[in-house]
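Structural description and commentary
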Amino acid sequence: MSDQKILYSFRRCPYAMRARLAVASSQERFELREIILHAKPAHMLEISPKGTVPVAQLEDGTVIDESLDIALWALRQNDPEHLLTPDRGTETEMLSLIERQDTSFKPLLDRYKYHFHSDKEASLAARDDARHFLADLDAQLANGDRLFGDRTSLADICIWPFIRQFAHVDKEWFWSLPYPHLIEWLDVFLNSDRFAAIMKKYALWVPDQQPVFFPEAAQNQ
Ligand SMILES: N[C@@H](CCC(=O)N[C@@H](CS)C(=O)NCC(=O)O)C(=O)O
C-alpha cells in the first residue's frame, strides 16, 4: 500500500515508453522509478517477480505489469486526447494491430537488432520478414496521418516506440525504404513534444529518495 501510484520504468525500453506515453496523455500522476535491467530494485521484484518493466502499482496495492494493461488502465481513468476512440476504426481493431506488433513483429525486431553485429545472415533474414508489418503499416498510413485516422490513438503510441527501435538498428537503410507514409509517421513522432516529454533523463531510483513525479505537470493525482 502506498499513498502514491508507482511506475517502474526504464527509459530506453519500448514497452516502458508505451506506458509513459499513455500515462503522460492521461495525466494520471505516478511516482516514476527509473531502473536499469541489470539492477532491478527488490521492491519491483517483490511486487512483480517476472522482472520486466514497466510495472505499475496503484494506491490500493494492485500491480499491473504489462505495458498495454498499464496504458489501458491510465486511459480508462482519463483520456483527454481520446486515444481509445480513434477517428477511424475501433478499440478492438487497434488492439489487434498492437497484438500483431507484440507477438509477430517484436520477435523479428529482437532477432534483427541483437544479431546485427554477430550473425548478419540471421539478422537480415529477420529484417526481411519484418518488412511485411512495415509495408502494412505504410499502407494503413496512406489513409490518414495516423494509424487509425488523422488523430493519434492508442495504436500509434503503442507501436511507435518499436518502429523507432527498428529504425535505429540501421538508420540509413530504414530511412531509404519505399514506405513514405511510415517514415513520415515516425518522423512526426520523433520530433514531437509527446516524445520529448517521455524521454527526459531521470537519475536511477534509490529507496527512500524524494519522489519524482511523472508526468511532471499532471493534473490528476
Ligand atoms: N510483455 C511485457 C514485456 C516487457 C519487457 O519485456 N520489457 C523488457 C525491457 S524492454 C524487460 O523488462 N526485460 C527484462 C530483462 O531484460 O531483464 C510488457 O508489455 O510490459
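Structure's up top.
Nothing here was measured: the structure is a model prediction, and the numbers come from that model.

**What about the pattern of salt bridges?**
With the rule as written, the count across this model stands at 13 salt bridges. Close ionic contact of Asp-102 with Arg-18 constitutes a salt bridge, the shortest N to O distance being 2.8 Å. Taken together, the residues span a long stretch of sequence, with Asp-102 in helix 4 (residues 91–114) and Arg-18 in helix 1 (residues 14–26) at a distance of 84 residues. Across the pair Asp-170 and Arg-127 runs a salt bridge, and its minimum N-O distance is 3.6 Å. Of this pair, Asp-170 sits in the loop between helix 6 (154–169) and helix 7 (171–175) while Arg-127 sits in helix 5 (residues 120–141); the two residues are 43 residues apart in sequence, bridging distant segments of the chain. Judged by relative accessible area, Asp-170 falls into the partly exposed class, the value being 22%. One salt-bridge network, held together by shared partners, links Lys-5, Glu-28 and Glu-59.

**With respect to the sheet that holds strand 4 (residues 63–64)**
Judged by pairing direction, the sheet is mixed, and its five strands sit side by side in the order 4-3-1-2-5 without closing on themselves. The sheet terminates laterally at strand 4 and strand 5 (213–214), the two strands that pair on one side only. Where strand 3 (residues 55–57) and strand 4 come together, two bridges link them in antiparallel fashion. Paired with Gln-57 across the two strands is Val-63, which belongs to strand 4. Its contacts with the sheet place helix 1 against strand 1 (6–9), strand 2 (30–34) and strand 5, and it is angled at close to 145° to strand 1.

**Details of the site of the ligand**
Taken together, Cys-13, Tyr-15, Leu-37, Lys-40, Gly-51, Thr-52, Val-53, Pro-54, Glu-66 and Ser-67 make up the full set of residues near the ligand. Contact with the protein chains covers 71% of the free accessible surface of the ligand, which is 520 Å². Of the residues that constitute the shell around the ligand, the class distribution is five nonpolar, three polar and two charged.

**Thoughts on helix 1**
Its 13 residues give helix 1 an end-to-end C-alpha distance of 18 Å, which sits within 8% of 18 Å, the value for a rise of 1.5 Å per residue. Among the 13 residues in helix 1, twelve count as buried, and that is most of the element.

**So, the pairing of strand 1**
On strand 1, burial covers both faces: Ile-6 and Tyr-8 on one face and Leu-7 and Ser-9 on the other are all buried. Relative to strand 2, strand 1 runs parallel, the two sharing four bridges. Within the sheet, the bridge partner assigned to Leu-7 lies in strand 2 and is Leu-32. With helix 1 bridging strand 1 and the parallel strand 2, this β-α-β connection has right-handed handedness. As paired strands, strand 1 and strand 3 are joined by three bridges and run antiparallel to one another. Each bridged residue has a counterpart across the sheet, and for Leu-7 the counterpart in strand 3 is Ala-56.

**Focus on the packing of helix 1 against helix 4**
Close contact between helix 1 and helix 4 brings their axes to 13 Å; oriented N to C, the two are set at 165°. Considering the angle they form, helix 1 stands roughly antiparallel to helix 4. Here helix 1 and helix 4 pass one another in a crossing that is right-handed. Of helix 4, the residues touching helix 1 (which contributes Pro-14, Tyr-15 and Arg-18) are Ile-98, Gln-101, Asp-102 and Lys-106. Classifying every residue of the contact of helix 1 with helix 4 gives three nonpolar, one polar and three charged.

**Notes on the nonpolar core**
Leu-154, Ile-163 and Phe-174 are the most contacted members of the largest nonpolar core, which totals 61 residues. No other element matches helix 6, which puts eleven residues into this core. In terms of domain composition, this core takes at least three residues from each of domain 1 (6–81 + 196–214) and domain 2 (91–194). With near-sequence residues (within four places) excluded, Leu-154 lies in contact with Leu-68, Ala-71, Leu-72, Leu-75, Leu-83, Leu-84, Met-94, Leu-95 and Ile-98. In terms of nonpolar packing, the next biggest core, distinct from the first, is built from eleven residues, Tyr-8, Met-44, Ile-47 and Val-53 among them.

About the cut-offs
Residues numbered from 1 in each chain as written. Predicted model: local features only at pLDDT ≥ 70, side-chain atom pairs only at ≥ 80, totals over all residues. Heavy atoms only, no water. Salt bridge = Lys/Arg side-chain N within 4 Å of Asp/Glu carboxyl O. Helix = DSSP H or I, 4+ residues; strand = E, 2+ residues; numbered from the N terminus. Buried < 20%, exposed > 50% of the residue type's maximum accessible area, 1.4 Å probe, protein only. Pairing = 2+ DSSP bridges. Contact = heavy atoms within 4.5 Å. Axes fitted to C-alpha atoms, helices over the stretch in contact; angles between N-to-C directions. Near = heavy atom within 4 Å. Areas by Shrake-Rupley, 256 points an atom, 1.4 Å probe, with all protein chains shown as cover. Nonpolar A, V, L, I, M, F, W, Y, C, P; charged D, E, K, R; others polar. Expected span 1.5 Å × (residues − 1). Right-handed = clockwise from strand over helix to strand, strands pointing away. Parallel < 35°, antiparallel > 145°, perpendicular 65-115°, else oblique. Left-handed = near helix turned anticlockwise from the far one by under 90°. Core = buried A, V, L, I, M, F, W, Y, C linked by side-chain atoms within 4.5 Å. Domains from an automatic or database assignment.

Taken by themselves, the reported measurements are silent on function.
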